[in-house]
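Architecture at a glance
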Amino acid sequence: MSNPHQNAVAQLEQVAALLRPEYSDAARFDAAIEQLKEPDRVIEGMISVVMDDGSTKEFQAYRSQHNNARGPYKGGIRFHPDVTKDEVKALSTWMTWKCSVTDIPYGGGKGGVVVNPTELSPAELQRLSRAYARFIAPHVGPWVDIPAPDVNTTPEIMAWMVDEYEQVAREWSQQTGMTFQENPRATFTGKPVVFGGSQGRGEATGLGGVYVLQELAKALALHDPSEVTVAVQGFGNVGYWFAYHAHQLGYRVVAVSDSRGGIYVPEGLDPAAVLACKKSGKPISECDVPGSTIVSNSDLLELDVAILVPSALENVITKENASKIKAKAIIEMANGPVIPEADSILEERGIVSIPDVLANAGGVTTSYFEWVQNLQGYYWTRDEVLAKLQPLMTSSFQTMWQMKEKQNVSPRMATYLSAVKKVIDVMLLRS
Ligand code: NAD
């Protein structure tokens, strides 16, 4: 497939072919599917930023609002030189499915700016973030579209965007003489905790994946966690917290890695100790862990383990290495770690792959909790947040697994089937 939007449309067509027999009115069903192939709208334009040298630079900016049948559009904002309109459209489509699969009351959105943020000074980055917030301000709001961080955007950037959005709201009130009714803080999630962010957000994606691991282990009859070996690629926010919580629950985490390679410890390792070593400035491969051997990132993917957890980059499992994967199951914590051609090889080999839209949905679920807390003006403790995460992740997995058994399809197809079905059902009720 030549581009991500075409991939998303092709996926939707496959799902539609399986779902169509369940609907008595095929014409209305097909009309809803056609609508879902394109976003409801894409807001696009150039945003101007004054650079430190006094010149003005223009940056291409997008916000794609895919579908809001189940609730306001929701999705991150990415700052990256490779952002394209088709990528943003595809990512907004996948957000619709991600929010649906976890039953959180949102549709899908995504934003992006074509920029290499490492080439900007902190002051330029702030001006770009504020310009983007101003650009999307007429199209977002807590009941309309709720952006969040994504690649290269941080809690601090969300704070700048909220602040700018509040400024736009004040200007609007002055111009119209009307009071701005919306809650600006509930318009962006992923904010710093001191500025209305949620406790527990940092670890939520990794922990959400571990709740998926627990359900998957039950489904595969892997009853004793100490015998379930786990290899985690990537030791950033997602990979570390996945490894940490899996270890806390007694799973045997045998391998971890960062961009410079990793270690393999057949008896199991303590992720917190590895993090302490990494914080001292060493790459993981130089950490002195008893019984460890050094593994490259490609070796890690091919280890003989029960569960493989790619948590770093996209496209790491390809047609070249899919036939060498020895894990029983893959939990896709990174976005898009398995390319479609590899997926069919894994499926033929009986390797279960839990797709990213389900496995890493703990992040957007906690964004939803942040929004709820902002709207209530009532804030929860970390334990309250994490306790609310578990039932949502568990039931998402169980719904997916039942669909997989009923339709005799892969977990990926089952995930899309249950996600698309919920969106279509609401669209048909509304039409
Ligand atoms: P991060 O930047 O905190 O960590 C990335 C990790 O990957 C680092 O440990 C880095 O050393 C490692 N890495 C980089 N290049 C590598 C390579 N070539 N081989 C192996 N490891 C490499 O990022 P993150 O927030 O943990 O996100 C990881 C993935 O999870 C991304 O695909 C992201 O889109 C996805 N994701 C993140 C969240 C979230 O809440 N952070 C939510 C959903 C999905």
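From a predicted model like this one, the values you see are computed outputs, not experimental measurements. Along each chain, residue indices are assigned from 1 in the same order as the chain's sequence is written. Local features are withheld for residues below a pLDDT of 70 in this predicted model, meaning they are given only at 70 or higher, and side-chain atom pairs are given and counted only at 80 or more; totals for whole chains, interfaces and linings count all residues. With hydrogens and water set aside, each side-chain value is computed from the structure's full complement of heavy atoms.

Nonpolar side chains (Val, Leu, Ile, Met, Phe, Trp, Tyr) are joined into patches within 5 Å and like charges within 9 Å, using only residues with over 30% relative accessible area and no salt bridge. Note on areas: Shrake-Rupley with a 1.4 Å probe; residue coverage comes only from the protein chains shown. Within this document, salt bridges are pairs made up of a side-chain nitrogen of Lys or Arg and a carboxyl oxygen of Asp or Glu, the two lying within 4 Å of each other. Together, W143, V144 and L375 line one region of the surface with nonpolar side chains, adding up to about 280 Å² of accessible area. Every helix listed is a DSSP run of H or I at least four residues long, and every strand listed is a run of E at least two residues long, numbered separately from the N terminus. Here W143 lies in the loop between α4 (122-136) and β5 (145-149). Burial here depends on accessible area, computed with a 1.4 Å probe over protein chains only, as a share of the maximum for the residue type. Under 20% is buried, over 50% is exposed, and the range in between is partly exposed. Relative accessible area serves as the criterion here: at 56%, W143 is assigned to the exposed category.

Turning our attention to the pattern of salt bridges. This model, assessed by the stated rule, comprises 27 salt bridges. Note that K89 and E38 form a salt bridge whose closest N and O atoms lie 3.0 Å from each other. Taken as a pair, K89 in helix α3 (residues 85-101) and E38 in the loop between α2 (26-37) and β1 (41-50) lie far apart in primary sequence, 51 residues in all. For K89, a relative accessible area of 10% translates into the label buried.

Here we come to the environment of L128. Tracing the chain through its elements places L128 in helix α4. Sequence separation between L128 and Y378 is 250 residues; the distance between their C-alpha atoms is 31 Å. Two residues qualify as a contact provided that any one of their heavy atoms is within 4.5 Å of a heavy atom in the partner residue. Once residues lying within four places of it in the same chain are set aside, the contact partners of L128 are I47, V49, F59, F79, V113, V115 and L120.

What follows covers the site of the ligand. Consider each residue's heavy atoms; a residue with any of them within 4 Å of a molecule or strand counts as near. Around the ligand sit 18 residues, and of these T205, F235, N237, V238 and N335 come closest. Here a polar contact means two N or O atoms within 3.5 Å. Within protein one must be a hydrogen donor candidate and the other an acceptor candidate, and residues neighboring in sequence count only if both atoms are side-chain atoms. M333 is positioned such that a nitrogen or oxygen atom in its backbone is 3.5 Å from an oxygen atom of the ligand. N335 has a polar side-chain atom sitting 3.0 Å from an oxygen atom of the ligand. Summarising the interface, the protein chains cover 68% of the accessible area of the ligand, which totals 830 Å² for the free molecule. Listing elements by their share of the shell around the ligand, those giving two or more residues are α6 (201-219) and α7 (237-248).

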